Every structure is written in C-alpha cells, then in structure tokens.
Amino acid sequence: MAGGAWALEQGRVHYTGGMSNTPPPSNPGLDLESEVLYQIYPQSFADSNGDGIGDLAGITSKLDYLADLGTTMIWLNPIFDSPFKDAGYDVRDYYQIAPRYGTTEDLVALVEQAHRRGLKVLLDLVPGHTSEEHAWFQQSAQPEPNEFSDRYIWTEHAFDNGAGLPFIGGEYDRNGTYILNFFKSQPALNYGFQQRNRPWQQSPDAPGPMATRQAMVEVMKHWLELGCDGFRVDMADSLVKFDTEDKQATIAVWQDMIGRVRAMYPNMILVSEWGKPELAHEAGFDMDFYLDWGDNGYHLLTRESPDPLDRTHDRSFFAQHSDTPATDFIVQYEPLYRHGLFNIISGNHDTPRLAPRLTEAERMAFFFFLLTMPGVPTIYYGDEIGMEYVKIPTKEGGYARTGSRTPMQWDSTQPNYGFSTAAPESLYLPVSGGPSVDKQPQLLALTRQLIAIRRATPALQASAPLEFLPAPHPRLLAYRRSHLTIIINPSAQPLDYPDANGTMVTGIGGAELTGAGLHLPPTAAAIVDTDK
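Residues numbered from 1 in each chain as written. Predicted model: local features only at pLDDT ≥ 70, side-chain atom pairs only at ≥ 80, totals over all residues. Heavy atoms only, no water.

What to know about helix α3 (residues 104–116)
Moving on, step 1. For α3, with 13 residues, the first-to-last C-alpha span of 19 Å sits near the 18 Å given by 1.5 Å per residue.
Moving on, step 2. Contacts made by the buried residues of α3 are with α1 (56–61), α2 (63–69), β4 (73–76), β6 (93–97), β7 (120–125) and α5 (207–225).
Moving on, step 3. Positive phi appears at G118, one or two residues downstream of α3, with a value of about 75°. (Helix = DSSP H or I, 4+ residues; strand = E, 2+ residues; numbered from the N terminus. Expected span 1.5 Å × (residues − 1). Contact = heavy atoms within 4.5 Å.)

This is the structure in structure tokens:
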C-alpha cells in the first residue's frame, strides 16, 4: 500500500495524504469485484406451505426479487437439522436439512434456480460446536472409549472445572465435564488448545482434533458437491482454545481445512465472522465482516445508542442530530480494510435494525455509503425496505436479537404482508408492520439504483482504491474511489464541499453542483465523477 492515512496522535486525528489499495482476496482466482451479498434468515423470508415458517421453496419463489434488486450472492442462516435452541446454530446433523425448511432436493432446486439468475448460494457453516443432540456428542458422552470420545472437549473427571471455560457436569455417564461454547446446548468441538496446562487439553495436531478437522472438511465437501458456492463461517476465530492473540493456531487449522477443500473446489467462496481481516485473510478466507462490536468504527456509524429504539440519545454518525465526526469512523476503519475484502453490513440477525430509530432519509444516506465503499456490501433481508426492529419475547434463543428476525414484508394488501397464508398466531414470529416491497419505499429504489451503478462501475467495486479526503466540516464524510468522489452530509445543517469538480453521477437529498463546488442540504449525498 502506498501513501498516507488518517492517524491518531496525542488524541487528535489528522490526515497524512495518499491513496491506499485493497489487496486481492485469499483465492486470487475468485472474481468478487462486483458482488453484492444478501443475507436471508430462512424461517422469516417466505413460507411456501402455509405452516407459518419460512422455507427453501419460499426462498426459491423470491429469487426474481433478489435478481431484480441486483444482488449476486445469498447467504442462508443455518438450515441444517437442529432442535433450534439457538435458531439453528445448534446443529444436530450437518448432512440433513431441517424438515421445517424442506429437503435436500429443495436446496438443490434452490441452488439451480439461483444459478440460472446469476446468484451464488452460501450456506452458514457452524464449525465450533454442535447441538448436544448431535450423534457425535451422544457417542462422545459414552463412558466407554470410542472414535468420538475426543470429538468434544471433556475434562478428567466429573468434578473437574473447565479451567476458566464454561462447562457442564452431571448430565451423562461419562466421568468428566464438557466444555461449552455458548448455551448449555452447544458443546464445543475439539480443535485442541494452543496453550495447555491440564492433561485433558490436547494439542491442535493430536488425533482427536485432527479427526474433528477431517469431519468438518467432509461436511464442506458434501454441500459443495451438491452445487452450493461456499460458506459464511460462524465464529471462525474461535476454534482452538487458549489461542494466542494473533490466533496463529486457529489460522493454521483453517489453512489446513481450507487447503484440502480448495484442492477439490477451487472456486469455493468463504466469508468469515471474524472482524479482523488481517487474520481472516491469513487463514484463507476471501472476505471478512465488519462486525458490530461496542464502540468500534462500524458501531459508531449507525448503532451508537443505548437502546435500539432510543433516538434521543443516539450519537450515531448517520443520525442527523448527532455531533459524531466522520474521523471517529475513519481512524478505526482505514487500517483494517487494507488487509483484504472487509464487508460492511446493513445489519444482521444479531444486531438491531436501523429503523425506526433512524429516519428513512438517514438510512438512505447510510445505504449510499454502504454501496459505495470497498468490500462486498452485505444487505440483511428487509433492510432495503426499512423493516423495523421491534421489542418482542424471545424465540429460539434470540432474546433481544429476536426483534430483528420478524417476517419479510412483501405485500401490505395480503394477510401477514404476503409472508405466509397461516393464521397470524401460527407465524414463526409476528409481522412487525410498516414498510413493504409493494409500497416501493424510496430506500428500495435507491438500493436498486446504487447496486446497478456499483456493478457497472469498476471504480466502486470491492478492491478498487479508497482514499479518505479532508473535509471542511467534521460532519462531512468524503472519499475517493479512483476517479469518483463520494461526499455525504448526514447532519441537520446544509454544508458545502468546495473541492467537488466534475459531473454528478447521482445524488440524494437535493445535493447539487454549483460554481462553488457541491452543495449538500441536510442528509444529502452525491457521487461526483472528477474525470468529466
């Protein structure tokens, strides 16, 4: 990378100038430049059989919508057989589709129809743990040694603690406690320990952890053989326990597993839930997600609020009344994205939706940003129409996250907004109401327009250069992508950007070029081509 950057010195942010470039993805043979990823929560997207739960056939019926929107890849949250104590992130069988979603044949049909429309399909791989009901775990819990005894992490005896890790004891006849990853129902698979101080902590290259790797390789190969294009990988950084801060043991595990699978499926696409692209790309992933972590740069953009519905105290950069400067985001993001494709998301199943806390104008400004930044932009289902976060009782381990998982709202003239023909009380979750596809919200039209521009314009694509530009006001965000300059004013006051010379490609909020540069009314944005 060349040139300078934004820097933080003695508590002050300053600009050092220069253009930076994103390196190619981990698999240079992949062309991800014009991709746009769309995340589908399958139980809430479209119900084809009237049982109140979304399914694979329902998703297939909506592929034309996704193609018309301009998206090129879809990621399905877990669809494998599960008792659904954590909404499918507790896998009971990696080789079976959960009956409520359909069959393997339904998935194959979905993939075939998606490919006909130029859409790739990524499954959600959960490699770190399974359900306690998985056959591997039931065998591992047996007192007699067997091939699955070391598939999970067990301590020496039933009164042993987990050496600082969460554990459960007294549930099975095996004389030991087992280590958990999250909920009580999610025993951790054994990929070994980098730092070991107990006899039961195995090396990552011990027979048990190596067998776990091979089992996960076989799972990946199975679904790729059936036509799937790759995987979003859940908690990809957490495989090896007591790993070093730079995760070198976990990285080595992924390099081994990914290498073996890519030898057979060189076009496999992998995106990690890691949040540290320099490590994710070293491990072999093609993309990483910028995750919503507390006060990190992504959080500051749209979620700097004490409550998902609290607008009064919202200090998010894209909240019109906020005083948060653009540099608070830039100084955190700019060093990260240089390490490879780092995907900015509209939201996901773990984060509160932006609406209704942010207005449509504010969300349009954010989408303007989302779809003009590097990486592969990722849209959570319904965000493109402004679906709202609601506070509702927990479902399948969702707790506060449940309010971001309500049914997709297709048609306001139909029962349940067109999601399902089931009685309202039989729905997986209640419809939250409000915007819908048939109402053609302004945000939906803008999303289509910006995706089309992005896919037709190499300067706006995944690894095209990015340079953040100095701005005359702290609430202005300005950046250059090759010959295009993007300027966003999320504030409540009109602002001017004098250095915008060229032709406007598109804009929102009444942005206009004048003899003095670019004039941006409140919550306005524009793309200016400086070559014309």
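Okay, back to it.
Some points on the pattern of salt bridges
Moving on, step 1. Summed over all chains, the structure comprises 27 salt bridges.
Moving on, step 2. E35 serves as the salt-bridge partner of K120, at 2.7 Å between the closest nitrogen and oxygen. One end of the pair, K120, is in strand β7; the other, E35, is in the loop between β2 (12–15) and β3 (37–40), and 85 residues separate them in sequence.
Moving on, step 3. A relative accessible area of 27% places K120 in the partly exposed class. (Salt bridge = Lys/Arg side-chain N within 4 Å of Asp/Glu carboxyl O. Buried < 20%, exposed > 50% of the residue type's maximum accessible area, 1.4 Å probe, protein only.)

Examining the packing of α5 against helix α6 (residues 248–262)
Moving on, step 1. For the pair α5 and α6, the least separation of the axes is 10 Å and the interaxial angle reads 40°. Compared by their axis directions, α5 and α6 come out oblique. Both α5 and α6 take part in a crossing whose hand is right-handed. On α6, the residues touching M210, R213, Q214, M216, V217, M220, K221 and L224 of α5 are A252, V253, D256, M257, R260 and V261.
Moving on, step 2. Per-class residue counts for the contact of α5 with α6 are nine nonpolar, one polar and four charged. (Axes fitted to C-alpha atoms, helices over the stretch in contact; angles between N-to-C directions. Parallel < 35°, antiparallel > 145°, perpendicular 65-115°, else oblique. Left-handed = near helix turned anticlockwise from the far one by under 90°. Nonpolar A, V, L, I, M, F, W, Y, C, P; charged D, E, K, R; others polar.)

Side note on the environment of P99
Moving on, step 1. Structurally, the position occupied by P99 is in the loop between β6 and α3.
Moving on, step 2. Its relative accessible area of 64% is what places P99 among the exposed residues.
Moving on, step 3. Separated by 380 residues in the primary sequence, P99 and Y479 have C-alpha atoms spaced 48 Å apart.

Observations regarding the confidence of the model for the protein
Moving on, step 1. For the protein, the average pLDDT comes to 94, and 95% of its residues sit at 70 or higher.
Moving on, step 2. Under a pLDDT of 50 for its full length, residues 1–25 has, in the predicted model, 64 contacts with residues more than four places off or in other chains. (pLDDT = per-residue confidence, 0-100.)

As for the packing of aromatic side chains
Moving on, step 1. Taken as a whole, this structure holds 37 aromatic pairs when the rule is applied.
Moving on, step 2. Ring centres of F45 and Y381 lie 6.3 Å apart, and the angle between their planes is 85°; on these two criteria the pair is classed as edge-to-face. Placement of F45 in the loop between β3 and α1 and of Y381 in the loop between β14 (378–380) and α11 (442–456) is noted, with a sequence separation of 336 residues between them. Here F45 matches Y381 in class, with each residue buried.
Moving on, step 3. Note on Y333 and F468: the rings are 6.2 Å apart at their centroids and 85° apart in plane angle, and the pair reads as edge-to-face. Taken as a pair, Y333 in helix α9 (residues 326–337) and F468 in strand β15 (residues 467–468) lie far apart in primary sequence, 135 residues in all. The pair formed by Y333 and F468 is uniform in burial state, with each residue classed as buried.
Moving on, step 4. A cation sits over an aromatic face here: K62 above W410, 4.3 Å from the ring centre. (Phe/Tyr/Trp six-rings, centres within 6.5 Å; stacked < 30°, edge-to-face > 60°. Lys NZ or Arg CZ within 6 Å of the ring centre and 35° of its normal.)

Some words on the packing of helix α10 (residues 360–370) against α11
Moving on, step 1. α11 packs onto α10 with a crossing angle of 10° between their chain directions and a minimal axis gap of 10 Å. The angle between the axes of α10 and α11 places the two elements in the roughly parallel class. On the side of α10, the interface is formed by E360, R363, M364, F367, F368 and L370, while α11 contributes Q442, L443, L446, T447, L450 and R454.
Moving on, step 2. Looking at side-chain class alone, the contact of α10 with α11 contains seven nonpolar, two polar and three charged residues.

Things to note about the sheet that holds strand β20 (residues 512–514)
Where strands meet in a sheet, backbone hydrogen bonds hold them as pairs that are either parallel or antiparallel.
Moving on, step 1. Read across the open sheet, the three strands follow the order β18-β21-β20; overall the sheet is antiparallel. Each end of this open sheet is capped by a strand with a single partner; those strands are β18 (495–497) and β20. For this sheet, the mean inter-axis angle between neighbouring strands, taken without regard to orientation, is 30°.
Moving on, step 2. Two strands pair when backbone bridges link them, and β18 and strand β21 (residues 517–520) are joined in this way by three bridges, in the antiparallel orientation. (Pairing = 2+ DSSP bridges.)

Concerning the side chain of R481
Moving on, step 1. Here R481 is to be found in strand β16 (residues 477–481).
Moving on, step 2. Among buried Asp, Glu, Lys and Arg side chains, R481 stands out as unpaired, with E33 the closest opposite charge at 6.6 Å.
Moving on, step 3. Among the polar contacts made by the side chain of R481, one reaches the main-chain carbonyl oxygen of P465 at a distance of 3.0 Å.
Moving on, step 4. If sequence neighbours within four positions are ignored, R481 has contacts with T372, M373, P374, A459, L460, Q461, A462, A464, P465, L466 and I486. (Lys, Arg positive; Asp, Glu negative; His and termini not counted. Polar contact = N/O pair within 3.5 Å; in protein donor to acceptor, adjacent residues only side chain to side chain.)

Points about the side chain of D160
Moving on, step 1. Among the secondary structure elements, D160 is positioned in the loop between α4 (135–140) and β8 (167–168).
Moving on, step 2. Apart from residues lying up to four places away in sequence, D160 is in contact with T155, F167, T177, R198 and W200.

As for the environment of D496
Moving on, step 1. On the secondary structure map, D496 appears in strand β18.
Moving on, step 2. Owing to a relative accessible area of 46%, D496 belongs among the partly exposed residues under this scheme.
Moving on, step 3. Expressed as a C-alpha distance, the spacing of D496 and A511, which sit 15 residues apart in the sequence, is 9.6 Å.
Moving on, step 4. Excluding residues within four positions of it along the chain, D496 makes contact with P472, L476, L518, H519 and L520.
Moving on, step 5. Within the structure, the side chain of D496 is placed 2.7 Å from the side chain of H519, a separation counted as a polar contact.

Focus: the pairing of β16
For a regular strand, side-chain orientation follows a simple rule: the groups alternate between the two sheet faces.
Moving on, step 1. Along β16, four of the five residues are buried, which leaves the element largely enclosed by surrounding structure.
Moving on, step 2. Pairing geometry for β15 and β16, over two bridges, is antiparallel. Among the inter-strand pairings, E467 is bridged to a residue of β16, identified as R480.
Moving on, step 3. Pairing geometry for β16 and strand β17 (residues 484–489), over five bridges, is antiparallel. Note that in β17 the partner of A478 across the bridge is I487.

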